Every structure is written in C-alpha cells, then in structure tokens.
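Secondary and tertiary structure notes
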Amino acid sequence: MQFVYSRHQLDPKERRLERMFEMLPGALSWSIIVGMTVLSITHHLLASAIMVAFVLFWVFRLLYMNIFLVISYMRLHLEKGTDWMGLIAKVGLPPEALKALDPFRRRQIASVSAPDHRPPAPEELYHLVILPVVREGRNILEPGVQSLAGGDYPSRRVLVVIALEARASDAVKQDVQAIQKLHAASFLDFLVVEHPADIPGEAMVKGANATWAAKHAARYLREKGIAEENVIVSCFDADTVAHKEYLACLTYYFMITPARLRVSYQPIPVYYNNLWDVPSFARILDIGASFFQLVEATNTEKLVTFSSHSMSFKALVEVGYWPVDMISDDSAIFWKSFIHYDGDYTVVPIYTTVSMDIASGRSFGSTFVNIYKQKRRWAWGVENLPVVLRAFLRSKKISVYKKWMFASRLFDLFVSWATWSYLLTVITWLPMLFAGREFSSTTMYYMAPRIKDVIFGLSLIGLVICIAISFALLSTSTIRQRRSHMILHVFDWLAIPFVVLLLSSVPALDAQTRLMLGRDLQFRVTEKHRSKT
Amino acid sequence: MLILRRVVFYTFLLMYLVLCPGLLLYASGYIFDPLTREVARTGLIHLASIPPGAAVYLERSRFIQKTPATLEKLYPGDYRVTIDLPGYRTWSQKVSVKPGKATAFDKVLLLPGNLSSKTVLEGGYKQIYPLPGTDLLLVAGSSELDNFQLYNIKEDKALPLVGAGSLWRSFSVISIYHEDESKSFIVYGGGLWERKYLLVNVKADVPVITDITKLLARDPLLIEWDPLEPDQIFAIYPDAIDRINTAMAAIYPRDIEDVKGCGFQNNRVYLMTGDDRFIKYARDKARAEPFLLPERFDPRVLSRKVFYRILAPEENRVFLLGENGSLLSNHPPYTITDKGVLGVKFYDHGRTFMSWTASTVAIFDAGDEKKGSKGGAGVKTVFRTGQDIRQCFWALDASHIVCNDNDRILLIEVELQGEEHSEFIANIKKGTSIFYSNATGCVYFLDEGGRFQRIQLVPPENLVQKFLNEGD
C-alpha cells in the first residue's frame, strides 16, 4: 500500500483526519480520569460499583499476564544455552538427519522444508548492526561492540555501522574512532557514518540517524555484492549489550521462519547494565518493562517491535527505512512495514536477551527527571496510533479483523497505561472519601472496600510471581550482585503502585495530552550512567 | 501459544462475566439462600466502639468478630444489638435492618462502668461560665468578681480573674456575654443604681478589664461581635444597632437602622432589613453588597415583631433564630422549629447543627436538604425526653451531645438510624452550668456540694484517633 507515513508531508484533508485521531487517546484517557473523579464525587454508589468491577477486571488481567510471564520466562530459560550454531547447520537437512533433535526443533526446521520457504544457506547470511550514537562515550558503547565480537555467531559475518550524529562532541567522535580502530578487525567491516545535522524533512530523532546509516550500508552491501534479502539488520541503542547467543539465535529464527522477509525479530530487552547503580524506583520500572515484553512475546499475533530489535534488510529498504521525523522509531518501523505490506507483516519473538542501561542521572532528582522524560518518550509511541488509524481507514487490503485487533490493542495499551494506575491508587478510594449520608447507609459502602481489599490481596500473588521471576532473571544474568542487593530488591517492589503512578502513568498522560493539543515532543537522548567497576 | 492464550483468555473472561455481577450483587446485599433456593436482599450493621475490641451480640448470639465489626447478610427486620466490654457499661440498641442498607454505629462510646469524677477545685462554688471555643472557663465562688477563677482547661490551672489591687473586686456580676472563640467577654452587673458593662480581655496572661458602660447608651437586647474583630461590638436594640469601637472608645449610634435581624461572621456584617431583604458588608470596605439568596424566606413564617439572629450565613443559605425561639431556613424545610429553641450549635462549618428546646434536641444536616425538600428529613430529633435542657455541647466529632438537662448531665448519642439513646453521667448543683471540652474529652461542672469537678467522658483526641485507626 502506498501510504504517506510522515505526518509532515500530508495534504490538508489527511492532516485534518490525522489531527482528529491524534486527539482520541488523550481525550479518552482524560474522559476516564475526569469522568470517574466526577462520578466518585457525585454518584458514589455508581462509581463504587464501577470500581469494584474494574479492580476485579484488573486482577484478572494481572493474573492472566502472570501466567504468560511464567510461561515466557520458562521458554527463555529453556532456550538459554541452546547450541544455535549447531541448529543453524541443521536447517535444510532432510528429516532423517534431524532425528537426534527434540520434536519441537524438528517441527521448527520442518516448517521451512517446502521449496518456496527454503532459507538461504548460513554462509550466505550477513548481519548488519546499526548503533546510533550522539553523546554516548566509550564506556557506554564499547561493551555492546564487544558483545557482538565475542558472541557465538562468527563476527566476521557482521557489519557494524556506528551511526554518528555530526553534532556529537569531539570527545564522542574520538571515542568512536578508538573503538573502530580497536575492533574493526573482528568484523566483516566497521563503518562510522556521520549523519549531517539539519537535513530538510528530518527531525532530531534516532530514526533519521539510523536511516542515514542504513542507506550508507545499503550502498556498501551493493558494492560488496551482498543481496539485501540475505542481510538481517539489527538497530540497537548505543548501550545495548547483546547476549552472546543473540546473533546465532536470531539467525536460526530468521532461517526457520517461512516468511522471513516479512517479519521483525524481537528479543527480550532487559535493563541490567547499570541495575545496581540506580535508585530502586528506576530499577523497578525497567524490570516491569522487561516483564511486559516477556508477556507480549507470547502474543505473537499482536506483538509489536520495541526498543532493540532486528528485521530483514530487504524489508527495511522496501518500506523506506525508519521514519525520519518520529521519535518512536522502534515501533514505527513495525507499523510502517505492516501498512506497506497490507497487513502481511508480523513480529517473531526470540527468546534471548539484549541488555541496556536504565536511565539515570547524577543525583536522585535528576534520575527521577530523566526517567520521567524517558518514559514520556516511550509513551510518545502513541504518535503511531493516528497514523495507523489513518492507514486502516484508507486500506482495503488489510483485513477488518486485523484492523480491529490492532486498533483496539493500541487504544487499550495507551489508555490503560495512562489511566489504570490513577484509577487503582486514587479513584478506588474516592467514593468513600466523598460519601454522603445516602451512600454511607448502603451495603455497598461497607462491602466495596472489603471486596477490593480481597482483590488487592489476590494481586499479591502476581507481585510474588513478579518478585520470583525478577530474581530468576537476575540469577541468570552475568551482572554481579550482592546479597544485600537481593534483599533490597524485594522492597523495591513494594513501592510499585506509586512508582508506576508517577513515572509511568503521569508521563503517559503527559505524552497523550501533548499529542492531543498538537504539541510536539523533541527527541531527547536519555542520560545513562554506569559505575566504573 | 496463541491457542493457549485464547483458552486462558476465554476462561478468564467467562469467570469475570460470572464473578463480576455476582460480586456487585453481593456488595448490594443480595445473597442466595440455599434453604429456600431464593435470592434475598440483605442489609448489614456496622459497629465501631471506643475503645475497640468489645464483644458483639446480635439478639442472643455472640459474634466471633469484635468491634469494629460488620454484621453482614442480615435479613431485613429488627434486631437487638449489644456491645459488651469488661469494665464498661454495656451498650445496646434496637436496630432496624433494611434490604441493601447499612446501619452504622461508627463511634459507639463505651463509658466506664465506674464513671468517677475528679475534683479540680475544692470549695463551695456557685456557678461556672463557659467560654466556648477557648481553653478557658470562669468558676465563680460568688457573684463578685473577686471570687471568680479563670480556669485554663489545657493547663489544668486556675488563677483569680482580678488581682488583689483591682478596682473591680467587689463588682457583682449579673450576666456575661460571650461569643464562641472570642478571647474577650462582657460582664454586666454592679450596684442597683450603677449598672455597668465591663469588657474583659483574657488574651494576655493578666486579664485586662475596661469599663465600656459609657459606650452603651441603654440596655441592649443583645451584644454581639465577630471573634475575628473583637474591637467592633454591636449593641442590638429593637429599632437599630449601635456600633462600638472599644479600642478607640467610640460609639456610632444607630449605625444600622431598619433591621429585623443581624449576624456577624468572618469580618462581615449580615443584615436582614425591614422589608426582608438581606445585605452584607465588610467593615473595612464600608460598602454594602446585596446578599442574594436563591430561595427567599417564606414571608408567612417571618414575624414582623420578632428580631432574628442570622446564623452561619453562606452564599445561598442562612438560618434565622428568632427571639421567640423559631428556627427558620431559606431552604426546605423552611421552618425547622416554630418555637421554643433555646440554643443552636454548629458543627462542620455550618453544614450540621443541633438545636435544643427545653425537652428536645434535634440535628439538622445540610447534606440532607435535598431530601428535606421531599419529606423534611433534614431534621432529626435525637432526644425527646428532656425535662429542662439548658445547654448542649458537641462531643466526639458530633457523634454525641453532652447535655445539661434539669441539673443532670446526660450523654446523648447522635444516632440517626437507631432508637434514642442517652446515658446519665452525673447530677450537678442546681441551676449551674456545665462545660464540655473536646480537647480534653472532659465535662466540667459543679457537684451538688459546689466543688468544681470533671469527668473524663471521651478519651483524649489522640487516643480516639488511635482507636479509630485500629478500627480501620
């Protein structure tokens, strides 16, 4: 489908339509918050009944998500340590050569046995890893490069491209050159591509930088005679440290996916690089983000790319690279591909991790502010919703089911993100606070808090599961941790209602309100700090 | 995985669709009776006592829960509820349970079985004069100021009101005017041919007495002032109001004329004119503003001959207390009481007040005004068996009333849902006043022997809060 993704290049009619869609999520979130607040003050009985129904709904959803968090974690645990290179070698072999494998793997490999699904030979495949850099120094960037060089996959088949912003400081540029000099020999090649500032039509966003680098890489690959369909591109954050299995695992999943060119590959992002260097509220939020991705990984039908991920380079070129004027390039590239291929584009979860830094600052206060701004930027992913709705309205080829499924998912995701925490921590008590004599003489007045207490008690099951999975994930990571850290970590979870309200719901509402009012959010590079040890 | 997700999703959805209406119905009092195989709507009774931890009985059955307790799933009907805590008087109430309704007794005050009084001041005192809204009260050994003690409730300390060298030692007191929360009061008295008005300011450690007799041209009907502006005193006469500036010793005769009623609050003067209009003005601005009321008073209930005190004026509501004891409102029910009201005491910034006659105590809740327009339910008489009620005080966050009725102290429960409930506390010296302090939870009185006594009725405020928090 030919579709103008950028909202800055729309004709007035389309722009008006998109503007209307931009207002929807914020208007809906505010209607819920204001509506429930007013209802709690004016119609206590009704508000109280709605809140009982909502809290029950919330706990059901929490437990539902917990089930899939456990399943997803188990899958991650089971796949860890797999001999991916050995499996890669077996893809394409006849069934009798696969007898030693477990049925699950046999089934996976058999799925691409048909001639039109057959994957390219492993030796034909290349990886392109793009690392956008603007202010990240050597201590942030180098561990990621080392992880690529020291992984299970032969690094000589990996092309690393540092997408360096021209506006980066000299110190950063020198760091990049030093890293290039030190590690270039480990890879197929190590390019540093400088992205000029102020290109017309571009915003100061990561997508513009990555796109510039990807276009440069495309020329490089053409010169080398490497086919685009044999290249898997991974666009990482500068602080991303890929698990040593990452590229091998990615290659395997690329090979065993029949529609491998119409798929993005989503690893599980974890935020362990500086886990113990940041305050607890920062830690808990990003662990929550990892959990969310773990749960989402089980929902392949609705999975959307997030943060560091990979895809076919051919698809990237065909869809016209990342949007150069949108902040949420990670999810935007999925939607752009989905629309471009008329809904024939999906995301495959890969059960390996990429580790990143938790946003932080030099003080408690600046960490709080930085996290707030980072979460607002994440929540700015809502900017995709109007574009997607506009595309759905125009597209005749995307099925109604998919349109409904993704539109409702987007609304559900963003509205619940902005409102639920407020409903649970504030609104749930409001009807009691403003109760008049009429309401306080009903059974609902006394029973509703007791029912909600029982339900909140049930939600502790979810909390215990989260703590357990959190410990399990930490124990499998390579980061060093003291026993005191682990004890402290239990208490981290107790603050979650307030942390989520202040550093997740409020930034999300902020982002939606800005979009509703037609105010832009400039991309801001998140500040990150790691201890030297 | 997708199939598993769908199975779990639809299972959860089904569970939610069954559980959610079930929970809402349960919260609304509906239960399924397995014996009759019918759905019945029940009610509940909530009980919280001070102190908590008392045994709860419903009829003759003892509940396993102790206070605070919620007795739920009760079929509609009348029940006898009893709360019992060793060492305390047993509390019992007949409670009517209605379907879907909760009958709450949020602050059941359990009185000690042996309610002993403590002597504060020995000696044969004749009268006490409360100064509500302050920590002070006057204890009089005789009518002469020389025998007046100024008792500080919080500090539990009494000092003579006048010093040894004061001119006013032998001044004989007839009556005392005081406004709630004011740190000054006016004493009227003196010799038969030389009546005087003394302004006593007790703000400082040593009371300051000023003779303001010359500022009062004749004996007023009422003397009132705004506690926020104690220097401005209003002497109210049937035909006009004189304004007196005590700081400047200045009098403004007939400062306000053609008035049928007045009130002083928050640095504003509220007036009801002869043609039943309401105006207000700030003294410092000296500018009158109309005081618009969306609902005017029913002219049929306003008497031409009666002077009214304007109580708790707000933007759209006032109450009028007539000198004939009528209590009127510009909102339904327009006539709260048509005669006999002896006093009114507000709580919660004017949203709730009590009024009393010689035999009854009634509660008016502004929150019920809407209801009142339909059936006059905004007013509830909580005590009907008084013999000669002279004083009433709010106690324990307006859940109780301490009352001076025919020389005895009663503790009345403000129970809007149950039956009338009062407890006898003590007998007092004939014709004397009492005072109840919310700060200390004590009632102060003169016993029959004239000793100044106090009884701890309610635990101190911090302890009450602790009990209530335990209850939560």
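An account of the accompanying structure is given in this report. (Residues numbered from 1 in each chain as written. Chains lettered and ligands numbered in written order. Predicted model: local features only at pLDDT ≥ 70, side-chain atom pairs only at ≥ 80, totals over all residues. Heavy atoms only, no water.)

Let's talk about the overall build of chain A
Which entries qualify depends on this criterion: Here a strand is any run of E in DSSP of at least two residues, a helix any run of H or I of at least four, and the numbering for each starts at the N terminus. This radius of gyration counts C-alpha atoms alone. The globule rule is 2.2 Å times how many residues there are, raised to the power 0.38. Partly exposed describes any residue whose relative accessible area lies between the buried limit of under 20% and the exposed limit of over 50%, with all areas from a 1.4 Å probe on protein chains only and scaled to the type maximum. Should any heavy atoms of two residues lie within 4.5 Å, those residues are considered in contact. Throughout, the Shrake-Rupley method with a 1.4 Å probe supplies accessible areas, and for residues the shown protein chains are the sole cover considered.
Counting secondary structure elements, chain A contains 19 helices and 8 strands. Here chain A has a C-alpha radius of gyration of 24 Å; the compact-globule value for 533 residues is 24 Å, and the two agree. Taken along the three principal axes of its C-alpha coordinates, chain A extends 80 × 55 × 50 Å. Evaluated residue by residue, chain A yields a buried proportion of 59% over its 533 residues. Considering only contacts in chain A between residues 6 or more positions apart, those separated by 24 or more positions represent 83%. As displayed, chain A offers around 21,400 Å² of accessible surface, 62% of which is attributable to carbon and sulfur atoms.

Considerations on the overall build of chain B
This is how the line gets drawn: In this tally, Asp and Glu contribute negative charge and Lys and Arg positive charge; neither His nor the terminal groups of the chain are included. A charged residue contributes its charge at one atom only: NZ of Lys, CZ of Arg, CG of Asp or CD of Glu.
Scanning chain B for helices and strands turns up 3 helices and 41 strands. For chain B, the C-alpha atoms occupy an extent of roughly 95 × 55 × 50 Å along the three principal directions. When burial is assessed residue by residue, chain B has 53% of its 472 residues classed as buried. Looking at chain B alone, contacts between residues at least 24 apart form 43% of all its contacts between residues at least 6 apart. Looking at chain B as shown, the accessible area adds up to about 22,500 Å², and 52% of this sits on carbon and sulfur atoms. Taking the 55 positively charged and 57 negatively charged side chains of chain B as two groups, their mean positions are separated by 4 Å.

Regarding helix 11 (residues 329–340) of chain A
Residue and element names in this part refer to chain A. How we decide: Here, expected helix span is obtained from the residue count minus one, scaled by 1.5 Å.
For helix 11, built from 12 residues, the straight-helix expectation of 16 Å at 1.5 Å per residue is met to within 8% by its first-to-last C-alpha distance of 16 Å. Counting buried positions over the 12 residues of helix 11 gives 11, a clear majority of the element. Considered for burial, the residues of helix 11 that qualify are D329, D330, S331, A332, I333, F334, W335, K336, S337, F338 and I339. Just past helix 11, the residue D342 takes up positive phi, approximately 55°.

Quick look at the side chain of E14 of chain A
Positionally, E14 of chain A belongs in helix 1 (residues 12–42). Apart from the residues lying within four places of it in its own chain, the contact partners of E14 of chain A are R390 and R394 of chain A.

Considerations on the nonpolar core
Applied cut-off: In this text, buried Ala, Val, Leu, Ile, Met, Phe, Trp, Tyr and Cys residues form a nonpolar core when linked through side-chain atoms within 4.5 Å.
Y252, Y253 and F291 of chain A are the most contacted members of the largest nonpolar core, which totals 122 residues. Apart from residues no more than four positions distant in its own chain, Y253 of chain A is found in contact with R75, E79, W84, R105, Q108, Y265, V348 and I350 of chain A.

Observations concerning the interface of chain A and chain B
Accessible area lost on assembly of the parts is the figure often given for the size of an interface. To keep it simple, the criterion reads: Throughout, buried area stands for the accessible area (probe radius 1.4 Å) lost by two parts on being put together, summed over both. Salt-bridge detection follows one rule: a side-chain nitrogen of Lys or Arg within 4 Å of a carboxyl oxygen of Asp or Glu. Between N or O atoms, a polar contact is any pair within 3.5 Å; within protein, one atom must be a potential hydrogen donor and the other a potential acceptor, and residues adjacent in sequence are included only when both atoms are from side chains. Gly falls in the polar group here, along with every residue not listed as nonpolar (Ala, Val, Leu, Ile, Met, Phe, Trp, Tyr, Cys, Pro) or charged (Asp, Glu, Lys, Arg).
The partner chain B presents 33 residues to the 29 residues of chain A that form the contact. Across the interface of chain A and chain B, roughly 2,900 Å² is buried in total on both sides, 68% from carbon and sulfur atoms. Across the chain A-chain B interface, the total number found is 2 salt bridges. Between chain A and chain B we count 12 residue pairs in polar contact (both at pLDDT 80 or more) in total. Counting only elements with at least two residues in the side of chain A that touches chain B, the list comes to helix 2 (44–79), helix 16 (437–440) and helix 17 (443–476) of chain A. For the side of chain A that touches chain B, the element with the highest residue contribution is helix 2 of chain A, accounting for 12 residues. Looking at side-chain class alone, the side of chain A that touches chain B contains 19 nonpolar, 7 polar and 3 charged residues.

Details of the pattern of salt bridges
Residues and elements named next belong to chain A. Throughout the structure, instances matching the rule amount to 38 salt bridges over all chains. Here R61 makes a salt bridge to D412, at a shortest N to O gap of 2.5 Å. Within this pair, whereas R61 is found in helix 2, its partner D412 is found in helix 14 (residues 400–425), the two being separated by 351 residues in sequence. Look at R61 and you get partly exposed, because its relative accessible area is 26%. Residue D412 is classed as partly exposed on the basis of its relative accessible area of 30%.

As for the environment of Y73 of chain A
Residues and elements named next belong to chain A. Of note, Y73 is situated in helix 2. The class of Y73 is buried, set by a relative accessible area of 13%. Taking the C-alpha atoms as reference points, Y73 and K336, 263 residues apart in sequence, are found 30 Å from one another.

Regarding the environment of E229 of chain A
All names here are of chain A. Relative to the assigned elements, E229 resides in the loop between helix 7 (206–224) and strand 4 (231–235). For the pair E229 and L125, spaced 104 residues apart in sequence, the C-alpha separation works out to 8.6 Å. Not counting chain neighbours up to four residues away, the residues in contact with E229 comprise F254, L261 and K314.

Let's talk about the sheet that holds strand 39 (residues 435–437) of chain B
Residue and element names in this part refer to chain B. Put simply, the rule reads: Two strands form a pair only when DSSP identifies at least two bridges running between them. Geometry is summarised by axes, namely lines fitted to C-alpha atoms with helices restricted to the contacting stretch, and by angles between N-to-C directions that run from 0 to 180 degrees.
In space, the 4 strands of this open sheet follow the order 10-41-40-39, with antiparallel pairing throughout. Edge positions in the sheet fall to strand 10 (118–121) and strand 39, since each of these pairs with one other strand and no more. Put simply, the sheet's adjacent strands are angled 30° from each other on average, direction ignored.

So, the sheet that holds strand 5 (residues 61–66) of chain B
All names here are of chain B. Across the sheet, which stays open at both edges, the 4 strands sit in the order 5-4-7-8 with antiparallel pairing between neighbours. Where the open sheet ends on each side, the last strands, each with one partner, are strand 5 and strand 8 (91–97). Within this sheet the neighbouring strands show an average axis-to-axis angle of 30°, counted without direction. Note that strand 7 (residues 77–84) and strand 8 share 7 bridges and pair antiparallel. When the bridges of strand 8 are listed, G77 appears paired with V97.

Description of the packing of helix 5 (residues 138–149) of chain A against helix 6 (residues 170–183) of chain A
Residues and elements named next belong to chain A. Note the cut-off: Note that the term roughly parallel is reserved for angles under 35 degrees, roughly antiparallel for angles over 145, roughly perpendicular for angles of 65 to 115, and oblique for everything else. Here a crossing is taken to be left-handed if its near helix is turned anticlockwise relative to the far helix by less than a right angle, and right-handed if that turn runs clockwise.
In the contact formed by helix 5 and helix 6, the axes pass within 10 Å of each other and the chain directions differ by 25°. When the interaxial angle is binned, helix 5 and helix 6 end up roughly parallel. For the crossing formed where helix 5 meets helix 6, the hand is right-handed. Across the interface between the two elements, R138, L141, E142, V145 and Q146 from helix 5 touch D175, V176, A178, I179, L182 and H183 from helix 6.

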